[in-house]
Amino acid sequence: MIFGIGIDLVAVSRIARWVVKSNEGSGILARFFPESEISDTLKLGAERALGLAARFAAKEAFGKALGTGLKGIRLKDIAVKKTRAGQPELVLSGTAQQATERLGIQKAFVSLSHEKDFAVAVVILEK
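Reference entry: report on the structure contained in this document. Computed from a prediction, not measured in an experiment: that's the story for all the values here. Numbers given for residues are sequential positions, taken from 1 along each chain in its written order. Thresholds applied to this predicted model are a pLDDT of at least 70 for local features of residues and 80 or more for the giving and counting of side-chain atom pairs; totals over whole chains, interfaces and linings are not thresholded and use all residues. With hydrogens and water stripped out, all remaining heavy atoms of the structure feed into the side-chain values.

### Description of the side chain of Thr 41
Then step 1. By secondary structure assignment, the location of Thr 41 is in helix H3 (residues 35-42).
Then step 2. Residue Thr 41 is classed as buried on the basis of its relative accessible area of 0%.
Then step 3. Any pair of N or O atoms that falls within 3.5 Å is considered a polar contact. Within protein, one atom must be able to donate a hydrogen and the other to accept it, and sequence-neighbouring residues count only if both atoms are side-chain atoms. A polar atom in the side chain of Thr 41 sits 3.0 Å from the backbone oxygen of Ile 38.
Then step 4. Among the polar contacts made by the side chain of Thr 41, one reaches the side chain of Arg 48 at a distance of 3.5 Å.
Then step 5. In what follows, residue pairs with any heavy atoms lying within 4.5 Å of each other are defined as contacts. Discounting residues that sit within four places of it in the chain, Thr 41 has contacts with Arg 48, Gly 51, Leu 52 and Arg 55. We count a stretch as a helix when DSSP gives it H or I for four or more residues in a row; a strand needs E for two or more, and each element gets its number in order from the N terminus. Throughout, exposure labels follow a simple rule: accessible area from a 1.4 Å probe, protein chains only, divided by the maximum for the residue type, with under 20% read as buried, over 50% as exposed, and the rest as partly exposed.

### Some remarks on the pairing of strand E4 (residues 107-115)
Then step 1. Pairing of E4 with strand E5 (residues 118-126), which is carried by 9 bridges, proceeds in the antiparallel orientation. Across the sheet, residue His 114 finds its bridge partner in E5, namely Ala 119.
Then step 2. Linking two consecutive strands that pair antiparallel, namely E4 and E5, is a turn of 2 residues; a positive phi of about 50 degrees is found at Lys 116 within it. Following DSSP output, two strands are said to pair if at least two bridges run between them.

### Some points on the packing of aromatic side chains
Then step 1. Put simply, two rings from Phe, Tyr or Trp (the six-membered ring, in Trp's case) pair if the centres are within 6.5 Å, and we call them stacked under 30 degrees between planes, edge-to-face over 60, tilted for the rest. Under the counting rule described, the total for this entry stands at 4 aromatic pairs.
Then step 2. An angle of 80 degrees between the planes, with centres 5.8 Å apart, marks the rings of Phe 32 and Phe 56 as edge-to-face. Placement of Phe 32 in helix H2 (residues 28-32) and of Phe 56 in helix H4 (residues 48-66) is noted, with a sequence separation of 24 residues between them. Just as Phe 32 is buried, Phe 56 falls in that class too.
Then step 3. Measuring from centroid to centroid gives 6.2 Å for Phe 33 and Phe 56, while their planes differ by 55 degrees, and the two rings are tilted. Of this pair, Phe 33 sits in the loop between H2 and H3 while Phe 56 sits in helix H4, and the two are 23 residues apart along the sequence.
Then step 4. Judged by its relative accessible area of 1%, Phe 33 is buried.

### Focus on the sheet that holds E5
Then step 1. Taken in spatial order, the 3 strands of this open sheet run E1-E5-E4, and their pairing is antiparallel. Unpaired on one side and paired on the other, strand E1 (2-11) and E4 mark the two borders of the sheet. Geometrically, the sheet is characterised by an average inter-axis angle of 10 degrees between neighbouring strands, direction not taken into account. Think of each axis as a best-fit line through the C-alpha atoms, taken over the contacting stretch in the case of a helix, with angles from 0 to 180 degrees between the N-to-C directions.

### Looking at the nonpolar core
Then step 1. For our purposes a nonpolar core is just a set of buried Ala, Val, Leu, Ile, Met, Phe, Trp, Tyr and Cys residues, chained together by side-chain atoms within 4.5 Å. Core analysis: the biggest nonpolar cluster contains 37 residues, and Phe 62 and Leu 90 have the highest contact counts within it.
Then step 2. Taken together, the elements giving at least two residues each to this core come down to helix H1 (12-23), H2, H4, strand E2 (78-82), helix H5 (94-103), E4 and E5.
Then step 3. Sequence-distant contacts of Phe 62, defined by excluding residues within four places in its chain, comprise Leu 70, Ile 73, Ile 78, Leu 90, Leu 92, Ala 96, Thr 100, Val 123 and Leu 125.

### As for the pattern of salt bridges
Pairs can form between side chains of opposite charge once their charged atoms are near each other.
Then step 1. A pair is scored as a salt bridge if a Lys or Arg side-chain nitrogen falls within 4 Å of a carboxyl oxygen belonging to Asp or Glu. Evaluation of the coordinates by the stated rule reveals 5 salt bridges.
Then step 2. For the salt bridge of Asp 77 with Arg 74, the shortest nitrogen-to-oxygen distance reads 3.8 Å.
Then step 3. For Asp 77, a relative accessible area of 7% gives the class buried.
Then step 4. Of the charged contacts, one joins Glu 89 and Lys 81 as a salt bridge, the two residues approaching to 3.7 Å between their closest N and O atoms.

### Quick notes on the packing of H1 against H4
Then step 1. At a minimum axis distance of 8 Å, the contact between H1 and H4 shows a crossing angle of 115 degrees. If you check the angle between H1 and H4, you find them roughly perpendicular. Considering how the two elements wind past one another, H1 and H4 form a crossing that is right-handed. Each of Val 12, Arg 14, Ile 15, Ala 16, Trp 18, Val 19 and Asn 23 in H1 lies in contact with H4, whose residues at this interface are Arg 48, Ala 49, Leu 50, Leu 52, Ala 53 and Phe 56. When describing relative orientation, an angle under 35 degrees is termed roughly parallel and one over 145 degrees roughly antiparallel, while 65 to 115 degrees is termed roughly perpendicular and anything else oblique. Take the far helix as the reference: if the near one is turned anticlockwise from it by less than a right angle, the crossing is left-handed, and if turned clockwise, right-handed.

The structure is reproduced here in structure tokens:
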């Protein structure tokens, strides 16, 4: 049974500024992304901001699918990784995992897309 659906759109330019600041020594990326997501997107080279923007959209979409927003959930506790086949999947830990357990969520689905200036993510949570 579907518990919730969330969608979010992120301007890639916003995340590109974070990448520049991070390269200058700011810890802004580390504030929102676990090390696994940061290192995975390094492989994307010039498209790194696109990958991070889609992942950030997934975090926001997750909060919307919960129906409670992200209050009390650390964004770093929501990660996107790719399966061997290249399909994105949500990896939840800490506060995000606790929220899903408390609500009886058994499965999370995520879809990501991006084009030039924008990235979008859809999350479906299943009970």
